[in-house]
Amino acid sequence: MWFRRITEITDVDPPPTARVHVKRPSVEKVQFGQNAFQGLAFGPTPPSKFPPVSVKRKLDVVELAEDDIAHFKRIRLITTKERVRFIPGPFRQVQISGKDLHLAAAEKYEEEVSKAWEAFRTHEKSTGPSHPDTLISLRDLAQILRNVGKSSAAEEILQTTLKELESLLVEKNPESLRFLMASLMMALVDQKKLDAAEELWMRAVALFSKSVSAEENDALIRAFELAHPFRQISSSTSKAIGAAQESWLSNDRLLELFTTRRSLARRTNDPIPSTDHVPSPEGAPQSMVMAKLDAAEKLEVQVMETRKTKLGVDHPDTLSSIANLASIYKTQGQWGKAEELDLQVMETSKIKLGANHPDTLHSVANLAVTYRNQGRWDTAKELELQVMETCKAKLGVDHPDTLYSMANLATTYWKQGRWDEAEELLVRVMQTSKTKLGSDHPDTLRSMAKLASTYRSQGRWDAAEELGLQVLETRKMKLEVDHPDILTSMANLASTYRSQGRWDAAEELELQVLETRKMKLGVDHPDILTSMANLASTYSYQGRWDAAEELELQVMETRKMKLGVDHPDTLTSMANLASTYGNQGRWGAAEELELQVMETRKMKIGASHPDTLTSMANLASIYRYQGRWKEAEELQATELEICSRVLGQEHPDTLASMANLASIYRYQGCWKEAEELQATELEICSRVLGQEHPDTLTSMTSLALIWKGNGRDIDALKLMKQCVEVKTRILGANHPYTLSSSTTLFGWETE
């Protein structure tokens with residue numbers, strides 16, 4: 001089968017997240033009804049006069065909530081943001097008396113944590129629990145807990161304090177109440193408790209919208225910008241939200257505070273970004289998708305327009321609003337609108353600040369991410385090279401911003417199928433991070449996860465597994481067992497197991513991730529939908545298509561309701577379901593869905609976007625299995641021509657398209673055309689990917705099948721033997737791909 005599955009990766013830290021697309025490892029076609037371990041069966045048995053098919057699959061499905069692809073796509077939203085300093089080092093559990101709170105402190109920094117705790121207790125005892133000094137020390141303690149990955153502990157102590165003191169503080173010390181609520185919002189967002197963060201934000205607006213003064217506004221504004229709920233949060237309370245938003249938008253006093261305060265002009269030194277609305281991974285961190293994008297957009301537009309009027313179009317705060325609105329458009333998949341705004345911010349920043357100013361570089365990186373998501377990878381690469389070289393010259397090769405820019409460029413190389421170049425950059429990032437930050441620092445672990453993903457794309461699945469296990473075990477040692485980063489690592493590892501054909505192991509991990517997220521986040525949270533899609537993919541590999549269909553229907557319907565029918569994530573879900581319908585032989589239903597996906601993508605992102613090309617290839621596959629050869633050939637040839645022109649002849653998707661068209665020729669008995677195209681594809685795969693890459697081995701199998709059908713039995717048998725030997729050595733004797741080729745070889749030898 002040759003549907004192209006798109007791996008949707010979501011970033012974990014920080015939001016917003018990205019969606020990225022990954023071609024799954026190719027497998028050979030096996031007859032419908034074979035056991036799952038022999039490969040994926042798709043559709044009815046081909047006509048008896050043609051031999052079995054072995055082609056590169058173009059699948060539009062797997063969605064991994066992981067940080068390996070999208071991880072370095074962090075975009076700076078150009079708003080005031082506290083930089084969270086991470087405290088590295090191994091963790092152990094330390095029980096602290098008072099409020100029955102269990103703290104996890106880094107051994108290396110146990111003294112710092114203990115001092116923070118002691119300062120809080122001292123102030124509480126000497127000045128009282130509601131004194132400003134006590135509350136500041138409480139905020140500092142909560143910040144340290146968040147820094148060491150114990151956001152739930154920070155949440156517990158802040159919730160307890162607010163419950164006891166909110167009614168008192170709202171009258172006597174509203175400023176302290178505002179920054180405590182802001183700290184709690186961030187702790188909730190850390191854990192992806194987005195509905196709770198949204199509810200808290202709404203409560204803050206209700207409390208302070210009438211009484212806030214110009215001198216006391218900073219904490220409220222910071223809370224809004226750090227935990228901007230409608231950019232990150234899914235909520236079922238649409239009527240209440242709508243009413244609250246109308247109240248907020250009509251409050252001229254609050255809008256005035258946004259536009260007149262000076263503190264927004266201050267910039268934090270956040271690392272060079274990357275927002276893929278983030279997938280991401282995979283980013284993300286490309287993955288908290290919003291259900292209330294319309295409210296976010298409405299609010300951001302009004303703030304932006306007010307700032308333009310009050311401050312001017314080139315004021316730093318106005319540029320912040322423009323960048324924030326662009327981020328919302330990215331989350332909506334409206335890349336054209338996002339590009340227009342990103343360009344405006346970049347050009348204005350160049351004029352006002354200079355081409356080498358950090359804010360200008362951030363804006364360039366943001367624009368590069370937009371180009372990448374539009375499939376304009378060469379343009380994105382040029383911008384990211386520019387940012388990386390400037391960072392190297394101005395900051396040094398081991399500066400965090402330089403490392404982020406290198407990782408961003410590696411992501412674009414990865415999208416282009418230039419995996420060796422991506423690997424080279426990521427190895428340098430990982431090694432420098434280990435030296436400068438330590439082997440257990442979050443940024444180091446992210447670079448390792450990204451490198452593991454690159455190994456997986458290269459077909460180096462054992463190396464990917466080893467690195468993924470190392471990341472997972474390190475995070476387990478440092479973080480709480482249900483921390484989002486640990487769940488991300490588990491999803492990454494499950495993806496590697498799936499590539500290795502270890503579907504039961506993948507299923508076990510994915511079930512664990514799904515159940516944990518359901519317990520922590522609620523049934524319709526975006527990350528849960530991603531986990532469900534991952535599990536459905538594994539069910540498909542196991543041949544459990546009814547179970548896959550049930551999950552995919554639920555994901556699709558929820559996304560339609562939450563995001564709209566033409567949102568990129570909804571379209572991916574529809575393509576997933578179309579693939580499952582195909583596996584079930586329900587060609588009419590598969591065609592209807594895939595045609596809708598293709599036409600919507602053509603309209604929204606253009607006919608030459610990689611996602612649109614994926615849909616074309618998938619639809620051509622459906623036509624082929626319906627026996628509609630000419631339609632399949634015409635559509636596949638068109639897709640191949642566009643892939644060659646837009647992506648280049650050596651891109652993995654172009655190679656898959658060549659193999660797909662060769663298969664269509666073969667089905668029609670056009671042996672000369674099939675052999676010529678398949679031989680060309682094999683030569684390029686061997687040269688670009690390597691002779692032992694899974695895609696190259698699949699190409700060898702396909703060519704052997706063509707030779708067999710064309711009467712070149714001896715050549716076919718020799719090539720199939722070679723293929724089985726290499727697969728056994730590289731993938732293992734029990735891998736599904738090896739078993740499929742071995743079965744074919746046995747049949748030829750015994751006929």
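All values derive from a computational prediction rather than experimental measurement.

The rules behind each value
Along each chain, numbering runs from 1 in the same order as the chain's sequence is written. Residue-level local features of this predicted model are given only where pLDDT is at least 70; pairs of side-chain atoms are given and counted only at 80 or more, and the full residue set underlies all totals for whole chains, interfaces and linings. The side-chain quantities take in all heavy atoms of the structure and omit both hydrogens and water. Strands are runs of DSSP state E lasting at least 2 residues, helices are runs of H or I lasting at least 4, and numbering of each runs from the N terminus. Only protein chains enter the calculation, and the probe is 1.4 Å; a residue is then buried if its accessible area is under 20% of its type maximum, exposed if over 50%, and partly exposed in between. Each accessible area value is a Shrake-Rupley result obtained with a 1.4 Å probe; residue values ignore everything except the protein chains displayed when judging cover. Between N-to-C directions, angles span 0 to 180 degrees; the directions come from axes that are lines fitted to C-alpha atoms, helices contributing only their stretch in contact. Roughly parallel means an angle under 35 degrees; roughly antiparallel means over 145; roughly perpendicular covers 65 to 115; every other angle is labelled oblique. Working rule for handedness: look at the near helix, and if it is turned counterclockwise from the far one by less than a right angle, call the crossing left-handed; if clockwise, right-handed. Contact definition: two residues touch when any of their heavy atoms are within 4.5 Å. As a per-residue quantity, pLDDT reports the predictor's confidence and falls between 0 and 100. We call Asp, Glu, Lys and Arg charged. Ala, Val, Leu, Ile, Met, Phe, Trp, Tyr, Cys and Pro are nonpolar, and the rest, Gly among them, are polar. A pairing counts as a salt bridge when a side-chain nitrogen of Lys or Arg comes within 4 Å of a carboxyl oxygen of Asp or Glu. Each residue after the first adds 1.5 Å to the expected span of a helix. Here a Phe, Tyr or Trp ring, Trp counted by its six-membered ring, pairs with any other such ring whose centre lies within 6.5 Å, and the pair is stacked when the planes are under 30 degrees apart, edge-to-face when over 60, and tilted otherwise.

### Considerations on the overall build of the protein chain
- When its secondary structure is counted, the protein chain shows 31 helices and four strands.
- Scored against the burial criterion, the 751 residues of the protein chain give a buried share of 64%.
- Total accessible area on the protein chain stands at roughly 26,600 Å², and carbon and sulfur atoms take up 51% of it.

### Concerning the packing of helix α2 (residues 132-147) against helix α4 (residues 174-190)
- At a minimum axis distance of 10 Å, the contact between α2 and α4 shows a crossing angle of 10 degrees. For the element pair α2 / α4, the angle class is roughly parallel. When the axes of α2 and α4 are compared, the crossing they make is left-handed. Two secondary-structure elements touch here, α2 through P132, L135, I136, L138, R139 and R146 and α4 through S176, F179, L180, S183, M186, A187 and D190.

### Topic: the confidence of the model for the protein chain
- With 73% of its residues at a pLDDT of at least 70, the protein chain reaches an overall mean of 75.
- Scored below 50 in pLDDT, residues 1-109 shows 557 contacts in the model against residues more than four places distant or in partner chains.
- Across residues 212-291 the pLDDT falls below 50, and counting only partners more than four positions away or on other chains, this stretch makes 318 contacts in the model.

### Quick look at the environment of E749
- Looking at the secondary structure, you find E749 in helix α31 (residues 736-750).
- C-alpha of E749 to C-alpha of L717: the two residues are 32 residues apart in sequence and 7.8 Å apart in space.
- When near neighbours in sequence (up to four residues on either side) are disregarded, E749 contacts L717 and K721.

### What about the packing of helix α15 (residues 400-415) against helix α16 (residues 419-437)?
- Two elements in contact, α15 and α16, have axes separated by 8 Å at closest approach and are oriented at 155 degrees. One finds that α15 runs roughly antiparallel with respect to α16. The interaxial crossing formed by α15 with α16 has left-handed handedness. Contacts from L403, M406, A407, L409, A410, Y413 and W414 in α15 reach W419, E421, A422, L425, L426, R428, V429, T432 and S433 in α16.
- Per-class residue counts for the contact of α15 with α16 are 12 nonpolar, two polar and two charged.

### Description of the pattern of salt bridges
- Enumeration over the complete set of coordinates arrives at 28 salt bridges.
- Between K436 and D398 there is a salt bridge whose closest N-O contact spans 2.9 Å. You can see K436 sitting in helix α16 and its partner D398 sitting in the loop between α14 (377-395) and α15, a full 38 residues away along the chain.
- Judged by relative accessible area, K436 falls into the exposed class, the value being 52%.
- Among the residues examined, D398 registers a relative accessible area of 32% and is labelled partly exposed.
- Between E641 and R645 there is a salt bridge, with the nearest N and O atoms lying 3.1 Å from each other. Of this pair, E641 and R645 both sit in helix α26 (residues 629-646), four residues apart, which is roughly one turn of that helix.
- Since its relative accessible area comes to 55%, R645 is described here as exposed.
- Via salt bridges that share partners, E591, R628 and E631 belong to a single interconnected network.

### A few points about helix α22 (residues 545-563)
- Between the first and last C-alpha of α22 there are 26 Å, a value that for 19 residues agrees with the 27 Å anticipated at 1.5 Å per step.
- Along α22, the positions that sit buried rather than exposed are W545, A548, E549, L551, E552, V555, M556, T558, R559, K562 and L563.
- G564 sits one or two positions beyond α22 and adopts a positive phi of about 105 degrees.

### Describing the environment of M477
- The residue M477 is located in helix α18 (residues 461-478) in this model.
- For M477, a relative accessible area of 45% puts it in the partly exposed group.

### Considering the packing of aromatic side chains
- A complete count under the given rule lists four aromatic pairs for this structure.
- Centroid distance W587 to Y625: 5.3 Å. Interplanar angle 10 degrees. Geometry classified as stacked. Placement of the pair is W587 in helix α24 (residues 587-605) and Y625 in helix α25 (residues 610-625), with a sequence separation of 38 residues.
- Taken together, a centroid distance of 5.0 Å and an interplanar angle of 25 degrees make the contact between W629 and Y667 stacked. Of the two residues, W629 is situated in helix α26 and Y667 in helix α27 (residues 652-667); the sequence distance between them amounts to 38 residues.

### Some thoughts on the environment of P568
- Along the chain, P568 turns up in helix α23 (residues 568-583).
- When the C-alpha atoms of P568 and G333 are compared, they prove to be 6.1 Å apart, with 235 residues separating the residues in sequence.

### What to know about helix α12 (residues 335-353)
- Helix length check: α12 (19 residues) gives 26 Å between terminal C-alpha atoms against 27 Å at 1.5 Å per residue, within 8%.
- Residues W335, A338, E339, L341, D342, V345, M346, T348 and S349 constitute the buried set of α12.
- For α12, the elements touching its buried residues are α11 (316-332), α13 (358-373) and α24.

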